[in-house]
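# Commentary on secondary and tertiary structure
As a plain string of letters, each chain reads:
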Amino acid sequence: MNYSTEVKVKEITKEQLLAEYRMEGATQEACSLCPDYRRVWSCPPGLPDTASYLEPYRRVYLIAVKVCYSEEDRSRIVSREEAEAARKGSYEQVKRTMLLALLEKEKENPGSKVLGAGRCILCDRCARADGKPCRYPEKRRYSITGFGFDFSKLLKEVFDISLLWSSDGLPEYDVAVAALFVQ
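This write-up is about the structure you can find in this document. Keep in mind the model is a prediction, meaning the values are calculated, not measured. (Residues numbered from 1 in each chain as written. Predicted model: local features only at pLDDT ≥ 70, side-chain atom pairs only at ≥ 80, totals over all residues. Heavy atoms only, no water.)

## What about unusual backbone geometry?
A cis amide bond links Pro44 with the next residue in sequence, Pro45, at an omega value of -5 degrees. In this fold, Pro45 is placed in the loop between helix H2 (26-32) and helix H3 (50-53). For Arg38, which is not glycine, the phi dihedral falls at a positive 70 degrees. Residue Arg38 is classed as exposed on the basis of its relative accessible area, which comes to 53%. (Helix = DSSP H or I, 4+ residues; strand = E, 2+ residues; numbered from the N terminus. Buried < 20%, exposed > 50% of the residue type's maximum accessible area, 1.4 Å probe, protein only.)

Take a look at the structure:
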């Protein structure tokens, strides 16, 4: 599989993020449609209240990683199943690498906190699906989308990236967005 990545980082205030990009109340409904709903510790239900959780922070570094797929792979991968398999070796790996790198940044910046790009992917199968506690609670970070931020609007207005969808096969690119909150 051939892919490349493009990374963009933008700094904004926490207040701007909450005021302009949070969809109050829409998260539960949107997240309930996800196949991982109630199956992953980093996602709803059960996340803390957004405003309370983010209370200590003043600024946020938003990190967008665009995973661009080659034309050859996009023409070869035409089914949903093939696309999911391809994403495990590309997009999902990029998200995992980004989370681990941001956890290191968190250590370098005492008092900071990371919100991950989508569901946690530290384990192949989350222990929550088996009714067990998280295996790595010290590394698990909540999903930025699970806190109700409008992913599409954030991408467009902050990063000038349009969200692409593909019902079958691979789109031109996928985008992962995470955040590092600082005091």
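Okay, back to it.
## Structural notes on the sheet that holds strand E4 (residues 173-182)
Strand pairing within a sheet occurs via backbone hydrogen bonds; the two strands may be parallel or antiparallel. Taken in spatial order, the four strands line up as E1-E2-E4-E3 in an open sheet, and their pairing is antiparallel. Each edge of the open sheet is held by one strand with a lone partner, namely strand E1 (3-13) and strand E3 (113-115). Going across the sheet, the axis of each strand differs from the next one's by a mean of 20 degrees, ignoring polarity. Two elements, E3 and E4, share three bridges in a ladder whose sense is antiparallel. Bridged to Val114 within E4 is Leu180. In the packing of helix H6 (residues 91-108) onto the sheet, contacts are made with E1, strand E2 (59-69), E3 and E4, and the angle to E4 comes to roughly 15 degrees. (Pairing = 2+ DSSP bridges. Axes fitted to C-alpha atoms, helices over the stretch in contact; angles between N-to-C directions. Contact = heavy atoms within 4.5 Å.)

## Quick look at the pattern of salt bridges
Going through the model one piece at a time under the given rule, you end up with 13 salt bridges. Arg119 serves as the salt-bridge partner of Asp36, at 3.0 Å between the closest nitrogen and oxygen. With a gap of 83 residues between them, Asp36 in the loop between H2 and H3 and Arg119 in the loop between E3 and helix H7 (151-159) connect regions that are remote in the sequence. With relative accessibility at 29%, the residue Arg119 sits in the partly exposed group. Between Asp130 and Arg125 there is a salt bridge, with its nearest N and O atoms 2.6 Å apart. Take Arg125: its relative accessible area is 42%, and that puts it in the partly exposed class. Among the charged side chains, a network of salt bridges with common partners joins Asp36, Glu92, Lys95 and Arg119. (Salt bridge = Lys/Arg side-chain N within 4 Å of Asp/Glu carboxyl O.)

By themselves these figures say nothing about function.
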